Amino acid sequence: MDDMVAVYAALAQASAEGQAAALATVISTQGSMPRHAGSKMLVYSDGRIVGTVGGGAMEARVIAAAQQVIQTDTARVETFVLNSLDDGDPGVCGGSAQIFIEPLQTPPQLVVVGGGHVGQALAELGKWMGFYVVLTDDRPEFASPQVVPGLNRYVVCPGHELPQHVALTRRSYVCAVTRGMPVDLGLVPALLATDAAYIGLIGSRRRWALTRRALLEQGLSEAQLQRVRSPIGLEIGAETPREIAISILAEIIQLRRGGDGQPMRWDPSLEQGSAGL
């Protein structure tokens, strides 16, 4: 019972903090098994666990499967067999367990890199839209509740260290609204090493061309740089920080929902039999 309390407490905390995690639940067993139906284990993206589904090599396989579930954001049922002493299993009785592994359903994560005017507007709008918002900057005065109150996290670190402080998964949308190319040259390679669903970089086409050339000289490939969206956002003629924030969030929504960005106005030429209306 203590294990279950710890798992549920950790689950609630992970949900509140927007942490990437997966819950593994034993749904049926056969033969001799150390844990039975209903046993639960919470697995974080880095492999840490709370609770247990039996220990040994089988539990290690469950942890690996849970990490895959976190990455794909897709639940699945797996069957695990305990039958190898060499693998660290507690016996060779042929016991097996069916385990349901489900990703923790948390809000999508919006990571705003840079707490300037656009970053502040973007963080504020993202929070209003229901994202789990992280505001980060290498300058403490630009990443704090005094800049934009009510966000989920504030992280002060150099750009290239961001993945060490914030878990970036396929539910992460990173908006680099930084103050210049020197920051971007360290930040972009670090972001490309993650599974972030969206990497957007603010700036003019010329700034991106120069940054891109420098990144290629650093050893990044064309294929890698294809993941970077720059200039960031949809072309809506935005000028003010809030308008730019709207264009960026619109691009993220388009990516998440599969939209095409086209106007939704009615075109009567596409309607059959409209002549008599």
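Rules used in this analysis
Residues numbered from 1 in each chain as written. Predicted model: local features only at pLDDT ≥ 70, side-chain atom pairs only at ≥ 80, totals over all residues. Heavy atoms only, no water. Helix = DSSP H or I, 4+ residues; strand = E, 2+ residues; numbered from the N terminus. Expected span 1.5 Å × (residues − 1). Buried < 20%, exposed > 50% of the residue type's maximum accessible area, 1.4 Å probe, protein only. Phe/Tyr/Trp six-rings, centres within 6.5 Å; stacked < 30°, edge-to-face > 60°. Salt bridge = Lys/Arg side-chain N within 4 Å of Asp/Glu carboxyl O.

Colleague: I tried to follow helix H5 (residues 181–192) on my own but got confused; where do I start?
Modeller: An α-helical segment advances 3.6 residues per turn. Residues three or four places apart therefore align on the same side. The terminal C-alpha atoms of H5, which comprises 12 residues, lie 16 Å apart, in line with the 16 Å expected from a rise of 1.5 Å per residue. For H5, the full list of buried residues reads Asp184, Leu187, Val188, Ala190, Leu191 and Leu192.

Colleague: Quick question: what am I supposed to make of the packing of aromatic side chains here?
Modeller: Two measures describe an aromatic ring pair: the distance that separates the ring centres and the angle between the ring planes. Enumeration according to the criterion identifies one aromatic pair in this entry. An angle of 80° between the planes, with centres 6.3 Å apart, marks the rings of Phe131 and Tyr173 as edge-to-face. Of this pair, Phe131 sits in the loop between helix H3 (117–128) and strand E7 (132–137) while Tyr173 sits in strand E9 (residues 172–176); the two residues are 42 residues apart in sequence, bridging distant segments of the chain. Residue class for Phe131 comes out buried when judged on its relative accessible area of 4%.

Colleague: In this structure, what is going on with the pattern of salt bridges? I would like to understand it.
Modeller: Between side chains of opposite charge, a pair can form when the charged atoms approach closely. Summed over all chains, the structure comprises 12 salt bridges. Arg76 serves as the salt-bridge partner of Glu78, at 2.8 Å between the closest nitrogen and oxygen. Judged by its relative accessible area of 25%, Arg76 falls in the partly exposed class. Of the charged contacts, one joins Glu222 and Arg212 as a salt bridge, the two residues approaching to 2.4 Å between their closest N and O atoms. One end of the pair, Glu222, is in helix H7 (residues 222–225); the other, Arg212, is in helix H6 (residues 205–218), and 10 residues separate them in sequence. Given a relative accessible area of 27%, Arg212 falls into the partly exposed group. Connected through shared salt-bridge partners, Asp137, Asp138, Arg139 and Arg179 make up one network.

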